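# Summary of the model geometry
Here is what each chain is made of, one letter per residue.
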Amino acid sequence: MIPPPFDYVRASSIDEAVKALSEDPNAKVLAGGQSLIPLLKLRAVAPSKLVDIGRLKELRYVRQAGDGLAIGALATHAELERWSGPCGVLPEAARQIGDPQIRSVGTIGGSLAHADPAADWPAVVLALDAVVKARGPSGVREIPAEEFFQGPYSTALQQGEIVVEISIPRCPPKASYVKIARAYNDFAIAGVAAAVWVKDGAVEDVRLAATGVGLKPVRLKKAEEAVRGRKISGDLLTEVAEAASKEVEPVSDVRASAEYRRAMAGVAARRAVRRALGL
Ligand SMILES: Cc1cc2nc3c(=O)[nH]c(=O)nc-3n(C[C@H](O)[C@H](O)[C@H](O)COP(=O)(O)OP(=O)(O)OC[C@H]3O[C@@H](n4cnc5c(N)ncnc54)[C@H](O)[C@@H]3O)c2cc1C
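Residues numbered from 1 in each chain as written. Predicted model: local features only at pLDDT ≥ 70, side-chain atom pairs only at ≥ 80, totals over all residues. Heavy atoms only, no water.

The name recorded for the protein chain in an unreviewed UniProt entry is Carbon monoxide dehydrogenase or xanthine dehydrogenase, medium chain, from Thermoproteus uzoniensis.

Let us look at the pattern of salt bridges. Counted under the stated rule, the structure contains 21 salt bridges. Between Arg 170 and Asp 205 there is a salt bridge, and its shortest N-O distance comes to 3.5 Å. Residue Arg 170 is located in the loop between strand S10 (162-168) and strand S11 (174-180), and its partner Asp 205 is located in strand S13 (residues 202-211); the two are separated by 35 residues in the primary sequence. Looking at Arg 170, the relative accessible area reads 39%, which means it is partly exposed. The structure contains a network of salt bridges with shared partners spanning Asp 129, Glu 146, Arg 170, Asp 205, Arg 207, Arg 219, Lys 221, Glu 224 and Arg 228. (Salt bridge = Lys/Arg side-chain N within 4 Å of Asp/Glu carboxyl O. Helix = DSSP H or I, 4+ residues; strand = E, 2+ residues; numbered from the N terminus. Buried < 20%, exposed > 50% of the residue type's maximum accessible area, 1.4 Å probe, protein only.)

Turning our attention to the packing of aromatic side chains. Enumeration over the complete set of coordinates arrives at one aromatic pair. Consider the rings of Phe 148 and Phe 149, whose centres lie 5.1 Å apart with planes at 85 degrees: the pair is edge-to-face. Of the two residues examined, Phe 148 and Phe 149, each falls in the buried class. Over the aromatic face of Trp 197 sits the side chain of Arg 170, whose NZ or CZ is 4.0 Å from the ring centroid. (Phe/Tyr/Trp six-rings, centres within 6.5 Å; stacked < 30°, edge-to-face > 60°. Lys NZ or Arg CZ within 6 Å of the ring centre and 35° of its normal.)

With phi around 70 degrees, Cys 87 is a residue other than glycine that occupies positive phi space. On the basis of relative accessibility, which here comes to 4%, the residue Cys 87 falls in the buried class. In this structure, Tyr 153 takes a positive phi of about 60 degrees despite not being glycine. Mapped onto the fold, Tyr 153 is located in the loop between strand S8 (149-151) and strand S9 (154-155).

Before going further, it helps to spend a moment on the site of the ligand. Lining the immediate environment of the ligand, one finds 31 residues, of which Val 29, Gln 34, Leu 36, Thr 107 and Asp 120 sit closest. Here an oxygen atom of the ligand sits 2.9 Å away from a polar atom, N or O, in the side chain of Lys 179. Considering the ligand on its own, with 970 Å² of exposed area, one finds that the protein chains cover 88% of that surface. Listed by contribution, the elements that provide at least two residues to the shell around the ligand are strand S2 (27-30), helix H6 (108-114) and S10. Among the elements that make up the shell around the ligand, the one with the highest residue count is H6 (four residues). Among the residues forming the shell around the ligand, the class breakdown is 14 nonpolar, 13 polar and four charged. (Near = heavy atom within 4 Å. Polar contact = N/O pair within 3.5 Å; in protein donor to acceptor, adjacent residues only side chain to side chain. Areas by Shrake-Rupley, 256 points an atom, 1.4 Å probe, with all protein chains shown as cover. Nonpolar A, V, L, I, M, F, W, Y, C, P; charged D, E, K, R; others polar.)

Interfaces are often sized by the amount of accessible area the parts lose when they come together. Domain parsing of the protein chain yields domain 1 (7-52), domain 2 (57-168) and domain 3 (174-277). Once you take the C-alpha centre of each, domain 1 and domain 2 turn out to be 18 Å apart. Facing the 15 residues of domain 1 at the interface are 16 residues of domain 2. For the domain 1 and domain 2 pair, buried surface summed over both sides reaches about 1,200 Å², with 69% attributable to carbon and sulfur atoms. Of all residues in domain 1, Ile 14, Val 18 and Gln 34 bury the most surface against domain 2, accounting for 43% of the area lost on that side. Our count for the contact surface shared by domain 1 and domain 2 stands at one salt bridge. Of the charged contacts, one joins Asp 15 and Arg 135 as a salt bridge, the two residues approaching to 2.5 Å between their closest N and O atoms. At the junction of domain 1 and domain 2, the tally comes to three residue pairs in polar contact (both at pLDDT 80 or more). (Domains from an automatic or database assignment. Contact = heavy atoms within 4.5 Å. Buried area = accessible area lost by both parts, 1.4 Å probe.)

Listed in full, the buried residues belonging to helix H1 (residues 14-23) are Ile 14, Ala 17, Val 18, Ala 20 and Leu 21. Down the axis of H1, the sector holding all buried residues measures 165 degrees, keeping them to one side. Structural note: H1 exposes Lys 19 and Glu 23 on the side pointing more than 90 degrees away from its buried face. Structurally, H1 contributes buried residues whose contacts are with strand S1 (7-10), S2, strand S3 (49-52), strand S6 (131-136) and S10. (Arc of directions from axis to C-beta.)

Attention now moves to the side chain of Arg 103. Position of Arg 103 among the secondary structure elements: in helix H5 (residues 100-105). When near neighbours in sequence (up to four residues on either side) are disregarded, Arg 103 contacts Thr 76, His 77, Ala 78, Glu 81, Ala 94, Arg 95, Ile 97, Gly 98 and Asn 185.

This part is about the packing of helix H10 (residues 234-247) against helix H11 (residues 258-277). Packed helices, taken two at a time, are described by their axes: the angle between them and the distance between them. Where H10 contacts H11, the axes come no closer than 7 Å and their chain directions differ by 145 degrees. Of the two elements, H10 crosses H11, and the hand of that crossing is right-handed. For the pair formed by H10 and H11, the contact residues are Leu 236, Leu 237, Thr 238, Val 240, Ala 241, Ala 244, Ser 245 and Lys 246 on the first element and Arg 262, Ala 263, Ala 265, Gly 266, Ala 269, Arg 270, Val 273 and Arg 274 on the second. Partitioning the contact of H10 with H11 into residue classes produces nine nonpolar, three polar and four charged. (Axes fitted to C-alpha atoms, helices over the stretch in contact; angles between N-to-C directions. Left-handed = near helix turned anticlockwise from the far one by under 90°.)

Next comes the structure, spelled out in structure tokens:
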């Protein structure tokens, strides 16, 4: 289908983009366009104006920052797939998104702002305890990933705000992202990201987060409790799977029933922890 008519502004600075967005409550940011353009064509959204931030080079970076990373909102999935520094879970997750064409233009900031309940990055940034930095008319706001996702396609972003950076405070020594999908690179039926810290053969700390198994990405706090402080063993993997399956609240859709998603949440959690631990 042909999109409805809209005005188009190509921003040449972040300030210009924020101003253009703030002036029009029905304006939308355009980044890689891999989610927004299909929605426009389906006429599922009808913004009055698109504010194209795609050429803002200052938002396109991945760099180490202390023990963690700073990722510009316009870093593409492909750029994160090629990242070879700490937080190796980023390339592992990136390569599971869509296909090479989508990865070459789709951005991490766009994926987070779109907040598809089955998208991959939301689970990863939750497990990494990331902070989403948003720039708006009154300056920069730091939003913890746990507060950022509010529901299906709904975030804590306010009118006029643009995601500018994703800040990861510390890269975990061991981490993994496992996605179970109908076909390789389809949206997740269940995806689990695991970040694990190990000391003396036991799990010192762990963060687990899931996508595809609820109305928004979630921390798997009960599954974390089942693992934290425990000696590494096969029993631990069984318990993490059981706890993850029990605590999620999936819904049925065209891809999978709620029951199947619940079972796959357990499988993905088990595999993610096992892979993170290198077992
Ligand atoms: C065939 C297909 C397969 C896909 N497979 C997967 C998959 O397996 N896993 C997965 O996770 N995703 C998948 N996607 C989605 C894809 O990864 C998109 O790239 C991503 O969801 C959106 O990023 P974008 O840069 O293209 O954003 P856009 O499409 O440009 O924007 C998406 C939304 O976010 C807003 N937005 C964008 N950037 C910002 C910003 N910096 N600040 C504030 N708001 C912003 C826009 O206004 C819009 O509402 C797939 C998409 C397609 C078409």
